[in-house]
Every structure is written in C-alpha cells, then in structure tokens.
Amino acid sequence: MAEKKATKAAAATTKKAAAPKKETVKKVAAKKAELVINAENAGFKAGDVYQALASEAKALTVAEIAKVAKISNEEVILGLGWLLKEGKVKDEANKVVLA
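Residues numbered from 1 in each chain as written. Predicted model: local features only at pLDDT ≥ 70, side-chain atom pairs only at ≥ 80, totals over all residues. Heavy atoms only, no water.

With respect to the packing of helix H2 (residues 39–56) against helix H4 (residues 73–86)
Just so we agree on the cut-off: Whenever a helix is involved, its axis is fitted only over the stretch in contact; in every case the axis is a line through C-alpha atoms, and angles between N-to-C directions fall within 0 to 180 degrees. Counting from the N terminus, the helices are the DSSP runs of H or I reaching at least four residues and the strands are the DSSP runs of E reaching at least two. Put simply, angles under 35 degrees are roughly parallel, angles over 145 are roughly antiparallel, angles from 65 to 115 are roughly perpendicular, and the rest are oblique. Should any heavy atoms of two residues lie within 4.5 Å, those residues are considered in contact.
At a minimum axis separation of 7 Å, H2 and H4 run at an interaxial angle of 90°. With respect to their mutual orientation, H2 and H4 come out roughly perpendicular. Between H2 and H4, the contacting residues are Ala-39, Asn-41, Ala-42, Gly-43, Lys-45, Ala-46, Val-49 and Tyr-50 on the first element and Glu-75, Val-76, Leu-78, Gly-79, Leu-80, Trp-82 and Leu-83 on the second.

Overview of the pattern of salt bridges
Here is the rule we go by: Whenever Lys or Arg places a side-chain nitrogen within 4 Å of a carboxyl oxygen from Asp or Glu, that contact is recorded as a salt bridge. Using a 1.4 Å probe on the protein chains alone, a residue whose accessible area is under 20% of its type maximum counts as buried, one over 50% counts as exposed, and one in between counts as partly exposed.
With the rule as written, the count across this model stands at two salt bridges. Between Asp-48 and Lys-45 there is a salt bridge whose closest N-O contact spans 4.0 Å. Remark: Lys-45 and Asp-48 occur in helix H2; sequence separation between them is three residues, near one turn of the helix. Accessibility expressed as a relative area gives 13% for Lys-45, which makes it buried. Through salt bridges with shared partners, a single network forms among Lys-45, Asp-48 and Glu-75.

Here's the deal with unusual backbone geometry
Positive phi, normally seen in glycine, also occurs at Ala-93, with a value near 55°. Secondary-structure assignment places Ala-93 in the loop between strand S1 (89–91) and strand S2 (96–98). The class of Ala-93 is exposed, set by a relative accessible area of 73%. Phi angles above zero are rare outside glycine, and Asn-94 is one such case at about 65°. When you line up the elements, Asn-94 lands in the loop between S1 and S2. Residue classification places Asn-94 among the exposed positions, given a relative accessible area of 76%.

Topic: H2
So the rule is basically this: Expected span of a helix: the number of residues minus one, times 1.5 Å. As used here, the arc belongs to the directions running from the helix axis to the C-beta atoms.
Compared with an ideal rise of 1.5 Å per residue, which puts 18 residues at 26 Å, H2 spans 26 Å between its outermost C-alpha atoms and is within 8% of the ideal. Among the residues of H2, Asn-41, Ala-42, Lys-45, Ala-46, Val-49, Ala-52 and Leu-53 are the ones counted as buried. For H2, the angular spread of buried residues about the axis comes to 140°, placing them on one side. Facing away from the buried surface of H2 by more than 90 degrees, the exposed residues are Ala-39, Glu-40, Phe-44, Gln-51 and Ser-55. Buried residues in H2 make contact with helix H3 (62–69), H4, S1 and S2. A positive backbone phi angle near 55° is found at Ala-57, which sits one or two residues after H2.

Some words on H4
The periodicity of an α-helix, 3.6 residues per turn, causes residues three or four places apart in sequence to face the same way. Taking 1.5 Å as the rise per residue, H4 with 14 residues should run 20 Å; its terminal C-alpha atoms sit 20 Å apart, in good agreement. Of all the residues in H4, the buried ones are Glu-75, Val-76, Leu-78, Gly-79, Leu-80 and Leu-83. The inward-facing, buried residues of H4 abut H2, H3, S1 and S2. A positive backbone phi angle near 80° is found at Gly-87, which sits one or two residues after H4.

Set out below in structure tokens:
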C-alpha cells in the first residue's frame, strides 16, 4: 500500500511539472488605415456624411457625424468638403446641418 501512495504522489508531481507554460503574446500596434483620396472615395464618404445628417435631422459636430456614420474624423472632413462644394450642407454654430 505504501507503494501506491508513493506512486500517486509521484504522478501528481509529474502532472504539475508537465503543465503547459503560458505563452506570452507580443502586442503589436495596429496599423493606422490610410485614407485614400480620390473622387470615388470622396463621393462615398459624402454619402455616408449626408445619410448620418439626414438620419439625425439636426446639426452635428464632426465627431458626432463620425460616430453616427461609423467612419473616421478625416473621412467625415473629406465628405464634408464634397457636400460643401455642392451646397448640400452648411455650418451652424460650429456644427454641420443639411442645407
């Protein structure tokens, strides 16, 4: 019987020793997406901005538009440039509203 107890104890220590080690994960900074500036992309972003403004039906800041449209602030500015040039939006107390 003493042998069985010793075997169980040895097996328990072997299991502990054989436990897998935790692997460290190297964190890498995410690459920032590059904004493509061309007529097609500007038009799409203008559509996103216009839809965000239309859905909210009130004046919004650039940050608010970005949140509603789920695009970056830079993309909002790109779209706003297009819409301002076409006369579709106007500024109102540092906010943007549909014209």
